[in-house]
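# Chains, contacts and geometry: an overview
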Amino acid sequence: MLPSEDQFQLATYKKMPIAAARGVDVWLYTSDGEKYLDLYGGHAVAGTGHCHPHVVSAIREQASTLLFYSNLVYSEARARAAEKLVSIAPSPLAKTFFCNSGTEANENAMRMARMSTRREIIITFSGGFHGRTADAISATFLGKYRELGKPNVPGHLQAEFGNIESVRALADDTIAAIMLEPIQSMAGVRMAQPDFYRSLRELCDERGIVLIYDEVQTGVGRTGDWFFAGSEAGAGVVPDIVTLAKALGSGVPVGACLVSEAIASHIKENDLGTTFGGGMLAMAAVTATLEAIETDGMLANVKRVERYLRSRLKEVEQVKAVHGLGFLLGIEFNDKAARVHQALLDRKIITGTSSDPRVLRLLPPLCLKEEHVELFVNALS
Ligand SMILES: Cc1ncc(COP(=O)(O)O)c(C=O)c1O
């Protein structure tokens, strides 16, 4: 028996017919006592796995001390989270702004770009997804999402992902920012050549444009590095702003912008704000999440297990290609991925689909091990 959600909630989600009751590590337990291997991580949120003991204990401790106070007072919990986040960020990213979700992080990033350049237009890409609030959905040129935001906010142009000439053609002196998902997740886990990221950085430097990476999915260890920004796969390119959410709080809602000193110097009192951003409970979750990833060696784990998974998938005849990086992987089939998704669910393995009907998405916790890969590959075979 499934809970009565459908009776009292808007029918906005296509749900899997299971009810989540509790989670441990890479496992999700349903209310009827079944155990599922979670290769979807609640849409890339359970980065540290479900209910990581260090994260749970930090949240518990903070909840019994102070749940929330606004940004109008100082807080140790907030100071610790900001310092920790900046300490793992590539230079010159040196300041944070905390908010509550990915879409909000992107809205604030675009706003900072407009404030610091005094220009209005944002270039984003075909296939990119940036959220569902007004400005973020207007920056989203994936499928029909943009239509949902009609009338769209003005000041958005679309370029072709991976094609630097298409960006160059638009990049005049009205452009405030170029924003991209460095790996386009919803579009079917699409990556560009390293040269594309390098050329974007050069173009932005040359024309005074702010470069924004939407790392809502790729950030916080998912690719096997803390961020795609500054990583080898991304040609070492560091943008001016990185946006984060999803795995940042291990499930406690939190978003953030990581910002360079140069951009930060244009932002003054009252330019940005949010009631809940930087609240103590979320901040305790952020610090503990980053500590858990570090202490458990999850970045190295992602790289090692990714290699193993790729090698095992080579043995599965129906797999045409594996796209992406680390634990953001798109497995391409000749057949419809939705059928594979369902067949895996029948075998008690949760995966994700994407906008590309042939691509099955994996966004598992960063603590996934070889033994779990075995279960997956055997089921897939
Ligand atoms: C790349 C990317 N950006 C932004 C968002 C929006 O994040 P949120 O749903 O937290 O607003 C998402 C959500 O899936 C995302 O994948």
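Going by the structure above, here's the rest.
Since we're looking at a predicted model, the values are computed, not measured.

## Looking at the packing of aromatic side chains
- By the definition in use, this model includes 9 aromatic pairs.
- Ring centres of phenylalanine 68 and phenylalanine 276 lie 5.6 Å apart, and the angle between their planes is 65 degrees; on these two criteria the pair is classed as edge-to-face. Of this pair, phenylalanine 68 sits in the loop between helix 3 (53-63) and helix 4 (76-88) while phenylalanine 276 sits in the loop between helix 10 (261-264) and helix 11 (280-295); the two residues are 208 residues apart in sequence, bridging distant segments of the chain.
- For phenylalanine 68, a relative accessible area of 29% gives the class partly exposed.
- According to the relative accessible area criterion, phenylalanine 276 is exposed, its value standing at 57%.
- Clustering of aromatic rings is evident, with ring pairs tying together Phe125, Phe161, Phe196, Tyr197, Tyr213 and Phe228.
- Sitting above the plane of the tryptophan 27 ring, lysine 35 keeps its charged end 4.2 Å from the centroid.

## Side note on the packing of helix 4 against helix 11
- Relative to each other, helix 4 and helix 11 sit at 35 degrees, their axes nearing to 8 Å. The hand of the helix 4/helix 11 crossing is left-handed. Along the contact surface, helix 4 presents Ala77, Arg78, Arg80, Ala81, Lys84, Leu85 and Ile88, while helix 11 presents Met280, Met283, Val286, Thr287, Leu290, Glu291 and Glu294.

## What to know about the site of the ligand
- Within the structure, the ligand sits among Ser101, Gly102, Thr103, Asn106, Phe129, His130, Gly131, Glu181, Asp214, Val216, Gln217 and Lys246.
- Here glycine 102 contributes a backbone N or O atom positioned 2.8 Å from an oxygen atom of the ligand.
- Surface burial for the ligand is 82%, taken as the share of its 390 Å² of free accessible area covered by protein chains.
- Tallied by class, the residues present in the shell around the ligand amount to 2 nonpolar, 7 polar and 3 charged.

## So, helix 12 (residues 298-313)
- Between its first and last C-alpha, helix 12 extends 22 Å over 16 residues, near the 22 Å set by a 1.5 Å rise per residue.
- Taken together, the buried positions of helix 12 are Met298, Leu299, Asn301, Val302, Val305, Glu306, Leu309, Arg312 and Leu313. Each buried residue of helix 12 sits inside an arc of 145 degrees when the element is viewed along its axis, so together they form one side. Those residues of helix 12 that are exposed and angled more than 90 degrees off the buried face are Ala300 and Arg307.
- Looking at the packing, one finds that the buried side of helix 12 touches helix 11, strand 13 (319-325), strand 14 (328-333), strand 16 (359-362) and helix 14 (370-380).

## Side note on the pairing of strand 7 (residues 175-180)
- Most of strand 7 sits out of view: 6 of its 6 residues are buried.
- As paired strands, strand 5 (residues 121-125) and strand 7 are joined by 3 bridges and run parallel to one another. Following the sheet pairing, isoleucine 121 is matched in strand 7 by isoleucine 175.
- Of the pairings in the sheet, the one linking strand 7 to strand 10 (residues 210-214) comprises 4 bridges and is parallel in character. Looking at strand 10, one finds that methionine 179 is bridged to isoleucine 212.

## So, the pairing of strand 5
- Among the 5 residues of strand 5, 4 are classified as buried, and the element is accordingly described as predominantly covered.
- Here strand 5 pairs with strand 6 (residues 156-159) via 4 bridges, running parallel. Bridging across to strand 6, phenylalanine 125 finds its partner in alanine 159.

## A look at the pattern of salt bridges
- A full pass over the atoms with the stated rule returns 20 salt bridges.
- Ionic pairing is found between lysine 348 and glutamate 34, a salt bridge with its closest N-O pair at 3.9 Å. Of this pair, lysine 348 sits in the loop between helix 13 (337-346) and strand 15 (349-350) while glutamate 34 is found in the loop between strand 2 (27-30) and strand 3 (35-38), placing the two residues 314 residues apart along the sequence.
- A relative accessible area of 28% means that lysine 348 is categorised as partly exposed.
- Residues arginine 198 and aspartate 195 are paired through a salt bridge, measuring 2.5 Å at the closest nitrogen-oxygen approach. With arginine 198 and aspartate 195 both in helix 9 (residues 194-207) and 3 residues apart, the pair spans about one turn of that helix.

The rules we used
Position numbers for residues start from 1 in each chain and track the written sequence from start to end. With pLDDT at 70 or above as the cut-off, local features in this predicted model cover only qualifying residues; side-chain atom pairs require 80 or more to be listed or tallied, and sums for whole chains, interfaces and linings still use all residues. Calculated side-chain values reflect all of the structure's heavy atoms, with hydrogen atoms and water omitted. Side-chain rings of Phe, Tyr and Trp, where Trp is taken by its six-membered ring, are said to pair if the distance between their centres is within 6.5 Å; with planes under 30 degrees apart they count as stacked, over 60 as edge-to-face, and otherwise as tilted. Helix numbering and strand numbering both begin at the N terminus, where a helix is a DSSP run of H or I of at least 4 residues and a strand a DSSP run of E of at least 2. Think of it in three bands: residues with accessible area under 20% of the maximum for their type are buried, residues over 50% are exposed, and the middle band is partly exposed, with areas taken using a 1.4 Å probe on protein chains only. Charge-over-ring contacts are defined here by two conditions on Lys NZ or Arg CZ: a distance within 6 Å of the ring centre and an angle within 35 degrees of the ring normal. Whenever a helix is involved, its axis is fitted only over the stretch in contact; in every case the axis is a line through C-alpha atoms, and angles between N-to-C directions fall within 0 to 180 degrees. By convention, the crossing between two helices is left-handed when the near helix turns anticlockwise from the far helix through less than a right angle, and right-handed when the turn is clockwise. Contact definition: two residues touch when any of their heavy atoms are within 4.5 Å. We call a residue near a molecule or strand when any one of its heavy atoms sits within 4 Å of it. Polar contacts, as used here, are pairs of N or O atoms within 3.5 Å; protein pairs need one atom able to donate a hydrogen and one able to accept it. Residues neighboring in sequence count only if both atoms are side-chain atoms. To measure how exposed things are, a 1.4 Å probe is used in the Shrake-Rupley method; for residues, cover is taken only from the protein chains shown. Note on residue classes: Ala, Val, Leu, Ile, Met, Phe, Trp, Tyr, Cys and Pro are nonpolar, Asp, Glu, Lys and Arg are charged, and everything else, Gly too, is polar. Multiplying 1.5 Å by the helix residue count minus one yields the expected span of that helix. Regarding the arc, it is the one traced by the directions from the helix axis to the C-beta atoms. In this description, strands pair whenever DSSP reports at least two bridges between them. Any carboxyl oxygen of Asp or Glu within 4 Å of a side-chain nitrogen of Lys or Arg constitutes a salt bridge here.

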